[in-house]
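# Commentary on secondary and tertiary structure
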Amino acid sequence: MSTTTSSDSRGRIWLSALAGPGTAVEDTSTVLAADAPLGGEAARFIAVVPDPANRFPRARQGEVGLEEGWGLAAAIREIIEADRDGARRPIVALVDVTSQAYGRQEEMLGIHLACAAAADAYAAARLAGHPVVALLVGKAMSGAFLAHGYQANRILALADDGVLVHAMGREAAARVTRRTVAELDRLGEQVPPMAYGIRAYAGLGLLHRLIEGVGADAPATADVERVRAELAAAVADIRSSGQRDLSSRLTSAAALQGRPASIEVRRRLAEQWDAA
């Protein structure tokens, strides 16, 4: 399991390993961006990191809150504008986010708008031709993952027990469903979409690559170079496919095997919509 503390989050560790320490996006202390080579070209790497002194108490442990949402949007829109008349640089989202920031201030000041701005910026970059890759190095939870990483052309993940994906944290899900955490874990063994582990998530067909045997908390030089090569390969795959949508998540072998009912429902909805 992960031994990472709030001061050395996996997002910060992997940003430093792949691209350097990064620079805080203006008006934030938690959104870091760095430009570095990837596969023979320049790329922008972005991470959300904890800040125990964040002025918004609900966004101190790696959550995506107001400043994080708008900061992510700013970091991405800057690249879109700079590359408008030139080659579209890759964007790599390093994902280790615990949830969206739950709080009265956040709700009053429009966290839904901030997170939507981030998701929209990622989607706009993808549709403009920027290869967008998400690398899951830690938690990818709830609305935070939707805002930071889920709009990527390709999602990669480290095969590590500390890499978790879900719509809700274990404790919160247990309260809502009136089950114990242990009961939820047993349910996840039977129903993959209920599971938290990255291997169960990979079975849904949403991952482009699950990277085995990498030290997630303290990557060695060989680990970093291997992940860098996987990211560059994902960028090349995006460009060679020519696709700017997310249809690959429905056509992968894992999706066809693990989500046939979902795919059929989408087919019938589209058929009825087009016939209307």
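See the structure shown above.
This structure is a prediction, so every number in the text was calculated from the model and none was measured. (Residues numbered from 1 in each chain as written. Predicted model: local features only at pLDDT ≥ 70, side-chain atom pairs only at ≥ 80, totals over all residues. Heavy atoms only, no water.)

## Topic: the overall build of the protein
Of regular secondary structure, the protein possesses 12 helices and eight strands. Taking 2.2 N^0.38 as the reference for a compact globule, 276 residues should give roughly 19 Å; the C-alpha atoms of the protein span a radius of gyration of 18 Å, in line with that estimate. Here the C-alpha coordinates of the protein stretch approximately 45 × 40 × 40 Å along the principal axes. Per-residue burial for the protein yields a buried fraction of 48% across its 276 residues. Put simply, 70% of the contacts in the protein that link residues at least 6 apart link residues at least 24 apart. Carbon and sulfur atoms provide 54% of the accessible area of the protein, an area that totals close to 13,300 Å². The averaged location of the 33 negative side-chain charges in the protein is 4 Å from the averaged location of its 30 positive side-chain charges. (Helix = DSSP H or I, 4+ residues; strand = E, 2+ residues; numbered from the N terminus. Rg over C-alpha atoms; globule rule 2.2 N^0.38 Å. Buried < 20%, exposed > 50% of the residue type's maximum accessible area, 1.4 Å probe, protein only. Contact = heavy atoms within 4.5 Å. Areas by Shrake-Rupley, 256 points an atom, 1.4 Å probe, with all protein chains shown as cover. Lys, Arg positive; Asp, Glu negative; His and termini not counted. Charge placed at Lys NZ, Arg CZ, Asp CG, Glu CD.)

## Here we look at the side chain of T30
Counting through the fold element by element, T30 comes out in the loop between β1 (23-24) and β2 (31-38). One polar contact links T30 to E68, side chain to side chain, over a distance of 2.5 Å. (Polar contact = N/O pair within 3.5 Å; in protein donor to acceptor, adjacent residues only side chain to side chain.)

## Observations regarding the nonpolar core
W14, F45, L135, L136, L158 and L231 are the most contacted members of the largest nonpolar core, which has 75 residues in total. The biggest single contributor to this core is helix α4 (residues 111-127), with eight residues. Excluding residues that lie within four positions of it along the chain, L158 makes contacts with W14, L135, L136, V137, V163, I198, L210, I211, V214, A216 and V227. By size, the runner-up hydrophobic cluster in this structure holds six residues, among which are M141, L164, A174 and L184. (Core = buried A, V, L, I, M, F, W, Y, C linked by side-chain atoms within 4.5 Å.)

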